[in-house]
Amino acid sequence: MTQSNRISPLRTHSRHLLVGVGLATATVLALLPPGLADKVRAPVTTALLPAQRGLAVVRCWGSDAAEAVGNHFTDTRTAAQREADNRRLAEENRQLKAALETAEHQLKLLAQRDRPEPALLAARCVPARILGIAAQAYLARHHLIDAGRSLDVEPGSPVLQSATPLVDCGTNAGVESGNVLLAGSRVWGKIAMTGPYTSTVCPVTAPGYRDLVRLAAPSPDGHPLRFGAKGILEGTGESLARLRMVETTEPVAEGDLVYSQAAQGFVELPLLCGTVARVERPPGAGYWEIWVAPAVETPPENPVILCPQAQPAEPTRSQDPLHAARSE
Amino acid sequence: MRSIFLILILYLAVAAQTTLADAVSIGSIGVHLPAMAAAMVIIIQRGNGALAIAALIGLVEDTLAPGRLGIAMAWYLVLGWFLLEGCERYELRSLGRRAVLTGLYVGLVTLTVGTTRWAIGEPTVGFLRIVLQAVGIGTFSGFVAVPVWIVLDWTRQVLHRRQQYDV
């Protein structure tokens, strides 16, 4: 097992020198301030870009090839089903193209007019009240519930109360599932299910909550927020929500603010979801593991449901939900 | 020619770590291509130059991760030194021994770099998870190293035969 050739002392000496110089260089690099370290990083990142792009293309080809091989081995029934789907999607695609062309034409006509266009959507603010246990019990006693024999419900079956919060606004007030609930300009949760008069709420930390969010570094000196990476915020059922799909190349720190993108297009101001409470980077992982503390931890006294609606005219200041929420 | 080929392979290994590593991972355990490439360079080249290349790969890995520079470079160098000493003292013709050494080097690099970042307070996972992931990554990389070593041996045999034929 042992080799017979001996290592020359000169070679060993130069090796010790190399290790010493290498460790000294590493120590100097470790002590570099962040600005200088970024200057070292930039050329390496730039040099790797062509290969990364090339490998991404190769990966795409590999996925396509694997899919093609998988498709080749599927049975004829699946193939026929896919063929039918393909035809249906092609038809839908053709109709969408036609609709897009029409819309583009209308946009061109609108652009020709020399007047400022009103916003397409505006936010409507629906004040809501949280229904407590007594109110829910009263509703269960005096109102019909939307379940019957088709759902195997027998006479005398007990009605269990849900642990999810309930608010006193439903489809009759124009509330739809997915609408955002605010406490001031902070996000409390989303509408999970709607009935005619009531709706259930899925708070930010509850399982099933998902939202597209964006990170922002806090600015104590009053400068505008610097928005950073986007990610998916998911409720876990624990006290902290989890933020996924943020690459480790993006800068993230504890205390960073997390803003919802749910009301993008009809609310101008950013809606705060929470703050980054914990950041972890598993060895070799491509994405950060981020836990977010919600901005609204306890159910608010008077939540406001944010409903988008078509608004041909410019929304006035009183219609701005954030303004209304602040004035409360 | 050999140096250019080597640099190209290392360049692709580092680029592949940032684009393809998650495609060949099992859960959160993936293959650590730069560390594997560094181990293979040391085992094949067996010289001070190989040690310098390993340190350079460590430095490139440092630049790809947020946090302080030089941590991966130092550990690639120190562990590479031990690997080199072992390679020069013991016979490594067996494929199994080379695969085990590659996996061991990768696992130790993952463990030491992760532990150092955890110890100096950089954002990373807990110590126990670092240890478990280092064991997983080292084992997985050791298994992945087997076919890579077979291909490398085959390439070297072909090149050797062509040289003999030319002579």
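Residues numbered from 1 in each chain as written. Chains lettered and ligands numbered in written order. Predicted model: local features only at pLDDT ≥ 70, side-chain atom pairs only at ≥ 80, totals over all residues.

Caption draft 1: Representation of the overall build of chain A in the model. The secondary structure content of chain A amounts to five helices and 13 strands. Expressed as a percentage of its 328 residues, the buried residues of chain A come to 23%. For chain A, the share of sequence-separated contacts (at least 6 apart) that also reach a separation of at least 24 residues comes to 63%. (Helix = DSSP H or I, 4+ residues; strand = E, 2+ residues; numbered from the N terminus. Buried ≥ 20, exposed ≤ 12 C-beta atoms within 10 Å, placed from the backbone. Contact = placed C-beta atoms within 7 Å.)

Caption draft 2: Highlighting the overall build of chain B. Counting its secondary structure elements, chain B contains six helices and zero strands. When burial is assessed residue by residue, chain B has 46% of its 167 residues classed as buried. A fraction of 63% describes how many contacts in chain B between residues 6 or more apart in sequence connect residues 24 or more apart.

Caption draft 3: Expanded view of the nonpolar core. Core analysis: the largest hydrophobic core is formed by 58 residues, its most contacted members being Ala39, Ile42, Ala54, Tyr76 and Leu77 of chain B. Elements with a contribution of two residues or more to this core: α1 (9-30) and α2 (34-72) of chain A together with α1 (2-19), α2 (33-45), α3 (48-64), α4 (71-89), α5 (95-119) and α6 (127-166) of chain B. With 13 residues, the single largest contributor to this core is α4 of chain B. Excluding anything up to four places from it in sequence, Ala54 of chain B contacts Ala38, Val41, Ile42, Tyr76, Leu77 and Gly80 of chain B. With 43 residues, the next largest nonpolar core counts Leu182, Cys273, Trp288 and Val292 of chain A among its residues. (Core = buried A, V, L, I, M, F, W, Y, C linked by C-beta atoms within 7 Å.)

Caption draft 4: View of the interface of chain A and chain B. The partner chain B presents 44 residues to the 36 residues of chain A that form the contact. Contributing elements (two or more residues each) for the side of chain A that touches chain B: α1, α2 and β11 (271-280) of chain A. Counting residues per element, the side of chain A that touches chain B draws most heavily on α2 of chain A, which supplies eleven residues. Broken down by class, the residue content of the side of chain A that touches chain B amounts to 21 nonpolar, ten polar and five charged. (Nonpolar A, V, L, I, M, F, W, Y, C, P; charged D, E, K, R; others polar.)

Caption draft 5: Molecular detail of the pairing of strand β6 (residues 199-203) of chain A. All names here are of chain A. In terms of burial, β6 is a largely internal element, four of the five residues being buried. Bridging between strand β5 (residues 186-194) and β6 involves five bridges; their strand directions are antiparallel. Its bridge partner being in β6, Thr194 is matched across the sheet by Ser199. (Pairing = 2+ DSSP bridges.)

Caption draft 6: Structural context of unusual backbone geometry. Residue and element names in this part refer to chain A. For Met245, which is not glycine, the phi torsion reads 65 degrees and is therefore positive. Relative to the elements of secondary structure, Met245 occurs in the loop between β9 (241-244) and β10 (257-260). For Met245, a count of 15 C-beta atoms within 10 Å gives the class partly exposed.

Caption draft 7: Seen up close, the pairing of strand β12 (residues 289-294) of chain A. Residues and elements named next belong to chain A. Only one face of β12 is buried: it carries Ile290, Val292 and Pro294, and the other face, with Glu289, Trp291 and Ala293, is open. Summarising the sheet, β9 and β12 pair through three bridges and their orientation is antiparallel. Within the sheet, the bridge partner assigned to Leu243 lies in β12 and is Ile290. Bridge count between β11 and β12: six bridges; the pairing is antiparallel. Within β12, the residue paired with Gly274 across the bridge is Pro294.

Caption draft 8: Representation of the packing of α3 of chain B against α4 of chain B in the model. All names here are of chain B. Remark: α3 packs on α4, axes separated minimally by 7 Å, with the N-to-C direction vectors making an angle of 155 degrees. Judged by the angle between their axes, α3 and α4 are roughly antiparallel. Both α3 and α4 take part in a crossing whose hand is right-handed. Contact residues: Ala50, Leu51, Ala54, Ala55, Ile57, Gly58, Leu59, Glu61 and Asp62 in α3; Ile71, Ala72, Met73, Trp75, Tyr76, Leu77, Gly80, Trp81 and Leu84 in α4. Looking at the contact of α3 with α4, its residues break down into 14 nonpolar, two polar and two charged. (Axes fitted to C-alpha atoms, helices over the stretch in contact; angles between N-to-C directions. Parallel < 35°, antiparallel > 145°, perpendicular 65-115°, else oblique. Left-handed = near helix turned anticlockwise from the far one by under 90°.)

Caption draft 9: Inspection of α2 of chain B at higher detail. Residue and element names in this part refer to chain B. When the terminal C-alpha atoms of α2 are compared, their 18 Å separation across 13 residues agrees well with the 18 Å that a helix rising 1.5 Å per residue should span. Among the 13 residues in α2, eleven count as buried, and that is most of the element. Inspection of α2 places Leu33, Pro34, Ala35, Met36, Ala37, Ala38, Ala39, Met40, Val41, Ile42 and Ile43 among the buried residues, and these make up the whole buried set. Of the residues one or two after α2, Arg46 is the one with positive phi, at around 50 degrees. (Expected span 1.5 Å × (residues − 1).)

Caption draft 10: Examining the confidence of the model for chain B more closely. All names here are of chain B. For chain B, the average pLDDT comes to 86, and 98% of its residues sit at 70 or higher. Summarising per-element confidence for chain B, the mean pLDDT is lowest in α1 (80) and highest in α5 (92). The ipTM value of the predicted complex is 0.82, and its pTM value is 0.54. (pLDDT = per-residue confidence, 0-100.)

Caption draft 11: Representation of the environment of Val292 of chain A in the model. All names here are of chain A. With respect to the helices and strands, Val292 occurs in strand β12. With 18 residues separating them in the primary sequence, Val292 and Gly274 have C-alpha atoms 6.1 Å apart. The contact partners of Val292, leaving out residues within four places of it in the chain, are Leu233, Leu240, Ala241, Leu243, Val258, Cys273, Gly274, Thr275, Val276 and Ala277.

Caption draft 12: Focus on α2 of chain A. Given a rise of 1.5 Å per residue, 39 residues ought to cover 57 Å, and the 52 Å separating the end C-alpha atoms of α2 of chain A matches this to within 8%. A bend of about 35 degrees at Leu49 of chain A is the largest found in α2 of chain A, and the proline Pro50 of chain A appears one to four places after it. For α2 of chain A, the buried fraction is low: three of the 39 residues fall into the buried class. Of the residues making up α2 of chain A, those classed as buried are Ala37, Leu48 and Leu55 of chain A. Each element contacted by the buried residues of α2 of chain A is listed here: α1 of chain B. (Bend = angle between axes of the 7 residues up to and from the residue.)

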